[in-house]
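# Commentary on secondary and tertiary structure
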Amino acid sequence: MLSIYLGLFLLAAATFVFEISLTRIFSLAQFYHFAFMAVSLALLGFGASGSLLTLWPRLAGSHWRHRLAWLAAAFGLSIPASYLLTNALPFDSYSIAWDPRQALYLLLYYLALVVPFALSGLAVSIPLAAAPTGAHRIYGANMAGSAAGCLLAVLLLPRLGGPGTVAAAGLLGWLATAAFAWRGVVGAGLEPGRAGFKPAPTLGYLAGTALLAWLTVARPPFLDVRLSPYKGLSQALLYPGARVIFSDWNAFSRVDLLQSPGVRQLPGLSYTYTAAPPPQLGLTVDGDDLTAVPLIANPQADLAFSDYLPAAIAYRLRPGARALILEPKGGLDVWAALAEGAAAVTAVESNPLLITAARYGMSPPAADVYGDPRVRVVSEVGRSYLRRSAERFDVVQLALTQPYRPVTSGAYSLAEDYLHTVEAFSDYLAHLEEDGLLVVTRWLQTPPSETVRTLALIVEALEEAGVADPAAGIIAFRGVQTGTLLAKKGGFTAAEMDAVREFCTARRFDLVVGPGVRPEETNRYNVLPEPYYVQAFGELLASDDRRAFYAAYPFAVAPPTDDHPFFFHFFRWQQTPAILRTLGKTWQPFGGSGYFVLLALLALAVLASVVLILGPLLLKGTAGTQGKWGELRGRAFLYFGLLGLAYLFVEIPLMQRFILFLGQPVYAMTAVLFALLLFSGLGSLCAPRLPHRLTLGGLTVAIILYPLLLPYLFRLTLGLPLFGRFGIAVLTLAPLGFLMGVPFPRGIGLLERRTPRLIPWAWAVNGCTSVLSSILAALGALSWGFSAVLGAGAACYAGAMLSIWTVAREQRPSY
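Read on for an overview of the structure.

Scoring rules and cut-offs
Residues numbered from 1 in each chain as written. Predicted model: local features only at pLDDT ≥ 70, side-chain atom pairs only at ≥ 80, totals over all residues. Heavy atoms only, no water. Pairing = 2+ DSSP bridges. Helix = DSSP H or I, 4+ residues; strand = E, 2+ residues; numbered from the N terminus. Axes fitted to C-alpha atoms, helices over the stretch in contact; angles between N-to-C directions. 1 Å grid on protein atoms, 1.4 Å probe; cavity = no way out; pocket = protein on both sides within 12 Å on 5 of 7 lines; lining within 4 Å. Points joined across faces, edges and corners; volume = space filled by probe spheres on them. Buried < 20%, exposed > 50% of the residue type's maximum accessible area, 1.4 Å probe, protein only. Salt bridge = Lys/Arg side-chain N within 4 Å of Asp/Glu carboxyl O. Phe/Tyr/Trp six-rings, centres within 6.5 Å; stacked < 30°, edge-to-face > 60°. Lys NZ or Arg CZ within 6 Å of the ring centre and 35° of its normal. Core = buried A, V, L, I, M, F, W, Y, C linked by side-chain atoms within 4.5 Å. Contact = heavy atoms within 4.5 Å.

## Examining the sheet that holds strand β8 (residues 393–398)
- With mixed pairing, the eight strands of this open sheet are ordered in space as β7-β6-β5-β8-β9-β11-β10-β12. The outermost strands of the open sheet, each flanked by one partner alone, are β7 (375–379) and β12 (510–513). Each adjacent strand pair in this sheet contributes to an overall mean axis angle of 20°, direction not counted.
- For β8 and strand β9 (residues 432–443), the ladder comprises five bridges, and the chain directions are parallel.

Structure (structure tokens):
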């Protein structure tokens, strides 16, 4: 059986390399929230494999080992095949609301990508059904391989890119064929020197190996990811003369540098500036969020625009400032700070590849702002840097490097943003000098949304810092497209307020709020039918019950927290009638229904899960299940269904929560999956010797405690280097993962002793409810926060314990 365990290990590793690479490819080709589709696809495939085995139990009959090698070979080839097919499909999530063909393309997407996962799941479910007494070892090998695949994906992505990593997953799965075929499992056809040797299978295997290796190493152009035509990079390349001059991958992004005469970005620039902007390059992350890389050859002449940007007022109020700029990307705000007299700038950028690309574009005669002696570059997540640094600054600025996004659609709701939470703003204020300024610029929306939520964040953070009157320390003004907020821990003086008035008047910016601001000073230059911003800001600052204000506001504008870090989630259910009336009739992302695209995915998953669970029962009937079929079937459905829900209800919110700790979604996904899967494998190996009900009870209690303990852990260790934080994350999750690995093999053991024919069906139930939980967990976190989803996971494990209470009690030695 050792070769079987090795093959399962390799196959599981390949499966997770493929799954993680798909999350990156979906983020690049479509949009961020479609990355969750990779998880649901994997789980749907696993569920389908159990259903197939229920319909055709002979697959686990005699010669079952024979079939594993062929399944691994089919899996290895299906990975590049399914990727190429989906890459060729003209599916575009952006236009799904107004183009009915997109629903068909989405279905084909699902069907094509489910195939590799179904083959992988079948290779695991066959030995589970054929040799249930070794279920804990089979499950352990599968979990250990999955954990290894998580680490391998992070190592491969920077070196091979997304398409190359997909090909590498196919190659790894193809190698599992050799493990399964060891010692003649497939037969003499793969063993030279034995009687009856047939060269065709051997030659075919070598040819397949060569093909997959070539795809992995050469990465031919036909493997390149096809981007949505509505991605920022796709749109920018339509401009005459536009071309990509730099493109590279790291573990969590693809960065492209674009040369185009059409790139002109100076967010918030006053319309009183009439000169031409300097030449610029365009920088994109995952094909979107186009930001400028200014090409400054003569700083004195080329940076004349800087005095007309909103943030310039901060450097007027604090001449010679020591500034901290978070997420500067192409360096526009760094250039502007230096031009406005900043003595020193610390630029903290979480994606080092952006700095590499920007410096590549800043070739002579353009100056390299990141090489300026006054600039210190820190390639680190801003929150982590602030936690380990004791330095204080005169100005802390959040760079506006994201493009304008209409908020009514909920299209970007799922993007976690730990730079815009109450805890983050508290960190910013804590690193200001006593008279320091926090500067935040956001895009204007009508009704006001981004700026109102930013104001709520500042108010909450000031109160947490002990400021009795937050309104005295806040100034806000707006231009044509952006609103800027200044905050300080002490109140603004009359002289500072006069300087802000003079600055805004000269540049035709409208004051919104500030100490002593009069109604006639507002809505003067960029005139709106009603002073919406003045009204919204005034109501929020004057409210004695801000929760009531947030509840009554048209959009969700309550300040995000680290437990609910969705700054761009403005959706409220009362918006539904208006969205449905305009569905497909307005030019918005996803037709103004981005939030409902997720619900459509959930409906599709529900339909597929119902078919996969009920279909085998209807087709197969209940023969061969002996006397207690009805009772055991119901218990098995409840037990394995709850396990499927519970595992993802724990796993997904932990992945989202650990983004803060590790800085990037792919690092969080890797650490959480690696820890949970590796230690779940160890738990599975120890499962026969552990008490069933007691383990489930302990697991329930542990899940309840984790959201209470994690914030303290993060506060204490967030300042450590990434490697140290990764290690702490793995060790922290190890006990939880160990306990989570016990219930499934113990449940299989119960079925093996009573009704072994239910084992494939139980695998299908577990996989299909996991499909639902992967989407439900994301939506639950969006609506109620991570702690609530973890609580639901604990409840599911408690329900699983109750479902087998009397059955487990009958088993010895566990109770």
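Text resumes after the structure shown.
## A short note on empty space enclosed by the protein
- Under the defined criterion, the tally for this structure stands at eight cavities of 30 Å³ or more.
- Lining the second largest cavity we find 32 residues, and of these L43, F46, Y139, M143 and N766 sit closest to its centre.
- Within the residue set of the lining of the second largest cavity, elements represented by two or more residues are α1 (2–29), α2 (36–55), α4 (101–130), α5 (135–181), α20 (629–662), α21 (665–686), α24 (743–754) and α25 (759–784).
- In terms of residues, the lining of the second largest cavity owes the most to one element, α20, which gives six residues.

## Overview of the environment of R757
- Considering the arrangement of structural elements, one finds R757 in the loop between α24 and α25.
- According to the relative accessible area criterion, R757 is exposed, its value standing at 59%.
- Note: C-alpha distance between R757 and A130 (627 residues apart in sequence) is 10.0 Å.

## Here's the deal with the pattern of salt bridges
- Throughout the structure, instances matching the rule amount to 25 salt bridges.
- Connected through shared salt-bridge partners, D498, R501, R518, E520 and E521 make up one network.

## Observations concerning the packing of aromatic side chains
- Taken as a whole, this structure holds 23 aromatic pairs when the rule is applied.
- Ring centres of F503 and F509 lie 6.0 Å apart, and the angle between their planes is 40°; this geometry places the pair in the tilted category. F509 shares its class with F503; the two are buried.
- Each ring, one from F549 and one from Y550, has its centre 5.9 Å from the other, and the planes form 70°; the classification is edge-to-face. There is no split in this pair, since F549 and Y550 are both buried.
- An aromatic cluster of at least three residues, connected via ring pairs, comprises F26, F91 and Y109.
- Between K488 and the ring centre of F492, over which it is positioned, the NZ or CZ distance is 5.4 Å.
- In this structure, R507 is placed above the aromatic ring of Y308, and the distance from its NZ or CZ to the ring centre is 5.6 Å.

## Structural notes on the nonpolar core
- Ranked by size, the top nonpolar core spans 161 residues in total, and within it F180, F640, L654, F658, L736 and Y797 carry the most contacts.
- With 21 residues, the single largest contributor to this core is α5.
- Not counting residues within four places of it along the chain, the set of residues in contact with F640 comprises F744, G747, I748, L751, A762, V765, N766 and T769.
- Within the second largest apolar cluster, 57 residues are counted, among which are A314, L332, A347 and V500.

## Observations concerning unusual backbone geometry
- Here the bond from P364 into P365 is cis, since omega is 10°, no more than 30 degrees from zero.
- Checked against the element boundaries, P365 lands in the loop between α11 (352–361) and β7.
- Residue D286 is not a glycine yet carries a positive backbone phi of 55°.
- Within the secondary structure, D286 is located in the loop between β3 (280–285) and β4 (288–294).
- Of note in the backbone geometry, D289 takes a positive phi value of approximately 55° without being a glycine.
- Residue position: D289 is located in strand β4.
- Judged by relative accessible area, D289 falls into the buried class, the value being 14%.

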